[in-house]
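# Secondary and tertiary structure notes
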Amino acid sequence: MIKTHQLEKTVETSEGSLTILKGIDLEIKQGESLAIVGPSGSGKSTLLALLAGLDIPSGGSISLDNHELTELDEDKRAQVRAKLVGFVFQAFQLLPSLTALENVMLPAELNGVPGARKLAEKYLQRVGLGERVNHYPRQLSGGEQQRVAIARAFASQPKILFADEPTGNLDTATGAHVIDLLFDLNREEDATLVLVTHEQRLADRCHRSITLEAGAVVSDKINSPVIDNTVTLVASNEAR
Amino acid sequence: MFGMRLLWRDWRGGELGVLFAALLIAVAIVTGISLFTDRLQQGITAQSSHFLAADRVLRTSDPVDPSWLYKADELGLLQAQTMTFRSMVYVGEDLDGKMQFSAVKAVSDSYPLKGQLDVSDTPFGTVVKTPLSPPRGEVWLDSRLFPLLQVELGDSVFVGDAEFTVTKVVMNEPDRGSVFSGFAPRLLMNIDDIPATNVVQPGSRVRYRYLFSGDNQQLLQYGEWLQSRLDVSHRWLDLRDSQPRISNSMKRAEQFLLLAGALGVGLAGVAIALAARRYSERHYDYVAIMKSLGATSSRIMTIYTTNLLVLAMIAVVIGSMVGWLIQTVFFSVLMDYMSINMEHSATFRPYIIGSVTALVCLMAFALPPLLNLQGISPLRVLRRDLQGAMVSSVVSYAMGVGGIGLLMLWYSGNIQLTLAILAGIAATFIIVGAAAWYLLRGSTHMGMQAGSTWRLALASMRRRGYQNAVQAVIFSLSIMLLLVLFMVRSSLIEEWRIQLPEGTPNHFLMNVSAEEISAVEQLLADNGVSSEPIFPMARARLVNIGGMSREQWIKQEVLPNMPIESTSRPENIAREVNLTWAYEMPSDNRLVEGTWWPPGSTKPEVSLEVEFAERLRLNVGDKLVFQIGSEPLEVEVSSIRSLNWDSMKPNFFLIFPPKVLKDYPATYITSFYLPPDKKRFLNQFLLNFPTITVIEMDAVIHQIRTIVDQVSGAVELVLGLIIVSGVLVLIASVQSSLDSRFQESAILRTLGAKRGLVLGSLAIEFSALGLLAGVLAAFSAELAVFGLQEYLLNMTYTMHPVLWFIGPIVGMVLIGSAGYVTCRKVVNTPPVKVLREL
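Read on for an overview of the structure. (Residues numbered from 1 in each chain as written. Chains lettered and ligands numbered in written order. Predicted model: local features only at pLDDT ≥ 70, side-chain atom pairs only at ≥ 80, totals over all residues. Heavy atoms only, no water.)

## What to know about the nonpolar core
Core analysis: the largest hydrophobic core is formed by 152 residues, its most contacted members being Leu47(A), Leu51(A), Phe162(A), Val194(A), Met290(B) and Tyr304(B). With 16 residues, the top contributor of residues to this core is helix α15 (residues 465-499) of chain B. The residues that make up this core include at least three from each of domain 1 (1-53 + 243-413) and domain 3 (433-500 + 698-838) of chain B. Sequence-distant contacts of Leu47(A), that is, excluding residues within four places in its chain, are made with Leu7(A), Leu21(A), Ile24(A), Leu26(A), Ile36(A), Ile210(A) and Leu212(A). Judged by nonpolar contacts, the second largest core, of 40 residues, contains Ala116(A), Leu140(A), Ala155(A) and Leu193(A). (Core = buried A, V, L, I, M, F, W, Y, C linked by side-chain atoms within 4.5 Å. Buried < 20%, exposed > 50% of the residue type's maximum accessible area, 1.4 Å probe, protein only. Helix = DSSP H or I, 4+ residues; strand = E, 2+ residues; numbered from the N terminus. Domains from an automatic or database assignment. Contact = heavy atoms within 4.5 Å.)

Next comes the structure, spelled out in structure tokens:
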């Protein structure tokens, strides 16, 4: 699903060029969930941005569902994102002037997909906010806002979901609830999940986790092998 | 759909208020002013046709071939005819009865085709308008004829062999023309009675006028048909030939309105630019999120430009309505005095101008900041400090200046004026910007020694050095424009008032003989009427210029240089002119060239009025020969004067030194003010001096004064609108720095700063900015007023000390309070809320 080759990112600063990522080779399979962990400044978010096509690398290549991102301009990458990708961010990134429902409808509306409203209502129902569709973000708690963001991410029925510190702004209990929801939905939709996190507990719930340090992958660990969905479900139920 | 929702939410959230208000004001100002000037133009055209009493007139000294009139009939044109000539009017057939030389005008029943006759039921009485003309067997007499002939309404008078009943007093006809040409009192009669009088014989000096009226197409067709048949004795007159001289004041008012309109739009443009920039900055995050969700740049631009266009359309609709209202207010107060026909509905042009203005304002001012949205990187969802590719500020400024330049050029059609204003704005930008930046940098040093509130304020000013310099420039430009308009308006209105103060002479006495002077002065004094100085007056024919005959000179020097649109007949230029003599130059004349003669000069010289000199292409030093009576007189042009023709005082094209003309015959002229309640004094006066001509100007003066008052009102209304745009600019400008102030204040208060400290420093910062902007504005306003008065409005420039006082105070109070009020929110919002939203 995602494949990188010798991925590099350097930026120019006043003190010369700074290498953020170097020589990243990575392959993420369809339906796999991958956690990217590592200390602050290790390049986790930069890697996520590159994988999602939000930014372009300084060297190497990225293939997203057979689209070679380095060969596409911003608008083409936007079209790829529209078709394949969903996001959940640490800061939720909901539009404050739109209601929960309108926020969830946004991707479908932007991309001209019919039936946006029905789809949005279904996913808001699924994240437990069916009663609060007409509330504005400022009228919702942090956990609720993140649930709206999750509904928005899945409403575009993405093949790949990127999550950047999805619990970073939430307390432990709320964060756990949000994570359960994220994993449940991900399983139901059979999406590939790429997650940046500080939390080991969260990383451990993924099939696989890689650790970055100073821009390089220092470990790549399989937590549980990817099997087909039903088996994963059984396995995870047994694990509980 | 989503775009509209976004627009609606932004609207409800108050994000679009300033942008929309600025657009609306731009449209309203422009539509209102151009509707007004458009309708004024149409009104003046309509009024011009009243001055002709028709749409076209064929003037001849002989009756025309009847087939010409059949042709006009065929084409469906309405027709009327008049004959004018001078004849004696008698009371009774005996030779010892009263008689008076009169200007007879015989008119057909359909006369006048345009406009109406002013009549009255008592001599010098109240004017009533009538669409009728005298029926057969009746005559209408000028007020002056009643005392001169000692008749009353209902009495009989004779013209030639025919007897008529006097049934009305005629005060004026629409096509009477220049007041000074009609020396003899008017008698109006029916043209069908002419044969019975036997006064018109072959060789009589009669002027025939054939009046035509119809639609443009018919008139054009007839004019073309007629053209090949006309010879030198015919004159085909159209509206331009009758255009009444719109006084300088009215022209200036129109220029002022246009100028004010252009500046108003400029100010609104600045407000639009500032508001659009803030709007666009607040949407950076929106755009980043939308892009991360897969929206392309073109999709984003479609959403935002569509929103902007929808906003513009609403602004155009509401703005046009407001503009229409403004114009209606102007007219409702003006129309009674200007006899403008309200049926002349305005064209669509003003609405088109309004719509295009909105569009150009958006393109020039709002588009550059919105183009920035296109370059926002989606990565901003992860890294908020990222901005992406921005439109360079040089491009933004160039678009703004280019846009306002184009609009101004379009409104005024005057490239010089446009370039002058743009240069003025550019110079202000550079000079004021540099001064502001330099002064703001200087605050570093002061800041070190100041108390904490002041230190905080000065530090903040320094930190935002560039931003504050730009803001100071915008503030001072706005204040400058307001000061300029205010000063120009004050001096315009002041000048109008001075021009026609209470007690302006409203009656002229002409044909006063030298022997009558003291008796006239005595009678006036006895009745408590004070008169202006008495001038001698003679009529002279210009016969020879620089050794050439007048005709030859005109052919050689004047005709080749005559503007094509000129309607004056070259052979008539300066055929006969009024002249006077005086030791001193009249106090309201101004020497343009040459020198005035010393007292007692006997040198044969003359002083010319400047327009007269220009028309005949005469210069100081030229030799002229005049014929006064039967005597030729050779003189040299020694000076050229300008004078104010609107002053209602006796004015002369030619002035000679008294000793040069002492042996020539002359009559005298003077003017005096007669209050309305003393109008009947004229009866007594004319009984005492039947040969003196009285010209009544009181109605005209009243009309001019009322128009001036109303136009002043219109000017003030426009000024009011422009002040609103100025205030909008201030609000938009303060708002544009609001977001970063929120953040700073939140951090300061989190660190323990008291509300008072933050608020005090904000008040000081804005007041200091306002003071600086005010001083700079006073400086540039003084320069701009100088330029405008000297070069555009032809007024005399005087220093305005009051500017230097008002400017800084207005700046400090207005900007200080605008900043304080707008920013109070900054300290009243809990810091935690601000920090959470960052």
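## Focus on the interface of chain A and chain B
At the interface, 30 residues of chain A touch 26 residues of chain B. Together, the buried faces of chain A and chain B total about 2400 Å²; carbon and sulfur atoms form 62% of this surface. A salt bridge links Arg5(B) to Glu109(A); the shortest N-O distance between them is 2.6 Å. Seen at the junction of chain A and chain B, the total is nine residue pairs in polar contact (both at pLDDT 80 or more). (Buried area = accessible area lost by both parts, 1.4 Å probe. Salt bridge = Lys/Arg side-chain N within 4 Å of Asp/Glu carboxyl O. Polar contact = N/O pair within 3.5 Å; in protein donor to acceptor, adjacent residues only side chain to side chain.)

## Remarks on the packing of helix α22 (residues 738-750) of chain B against helix α24 (residues 801-828) of chain B
All names here are of chain B. Two elements in contact, α22 and α24, have axes separated by 8 Å at closest approach and are oriented at 40°. Here α22 lies oblique to α24, going by the angle between them. Viewed along their axes, α22 and α24 form a crossing whose handedness is right-handed. Listed contacts from α24 to Leu738, Arg741, Phe742, Ser745 and Arg749 of α22 are Thr822, Cys823, Lys825, Val826 and Val827. Of the residues contributing to the contact of α22 with α24, the split by class is five nonpolar, two polar and three charged. (Axes fitted to C-alpha atoms, helices over the stretch in contact; angles between N-to-C directions. Parallel < 35°, antiparallel > 145°, perpendicular 65-115°, else oblique. Left-handed = near helix turned anticlockwise from the far one by under 90°. Nonpolar A, V, L, I, M, F, W, Y, C, P; charged D, E, K, R; others polar.)

## A few points about the packing of aromatic side chains
Enumeration over the complete set of coordinates arrives at 15 aromatic pairs over all chains. Among the aromatic residues, ring-to-ring pairing joins Phe212(B), Tyr222(B), Trp225(B) and Trp236(B) into one connected group. One cation-aromatic arrangement involves Arg205(A) over Phe183(A); the distance from NZ or CZ to the ring centre is 4.9 Å. The aromatic ring of Trp225(B) is capped on one face by Arg229(B), whose charged end is 3.8 Å from the ring centroid. (Phe/Tyr/Trp six-rings, centres within 6.5 Å; stacked < 30°, edge-to-face > 60°. Lys NZ or Arg CZ within 6 Å of the ring centre and 35° of its normal.)

## Observations concerning the pattern of salt bridges
If you walk through the whole model with that rule in mind, you get 23 salt bridges over all chains. A salt bridge links Asp220(A) to Arg208(A); the nearest nitrogen and oxygen atoms lie 2.9 Å apart. Residue Asp220(A) is located in strand β10 (residues 216-222), and its partner Arg208(A) is located in strand β9 (residues 208-213); the two are separated by twelve residues in the primary sequence. According to the relative accessible area criterion, Asp220(A) is partly exposed, its value standing at 43%. With a closest N to O distance of 3.2 Å, Lys623(B) and Glu636(B) form a salt bridge. Highlighted residues: Lys623(B) in strand β18 (residues 623-628) and Glu636(B) in strand β19 (residues 631-642), separated in sequence by 13 residues.

## Observations regarding the pairing of strand β9 (residues 186-190) of chain B
Residues and elements named next belong to chain B. Taking burial as the measure, the five residues of β9 include five buried ones, the bulk of the element. The alternating pattern of β9 places Arg186, Leu188 and Asn190 on one face and Leu187 and Met189 on the opposite face, and all of these are buried. Sheet topology note: the strand β3 (residues 99-107)/β9 ladder contains five bridges and is parallel. Directly across from Ala103, in β9, lies its bridge partner Arg186. Pairing of strand β6 (residues 138-141) with β9 involves three bridges; the strand directions are antiparallel. Opposite Trp140, over in β9, you have Leu188 as the bridge partner. (Pairing = 2+ DSSP bridges.)

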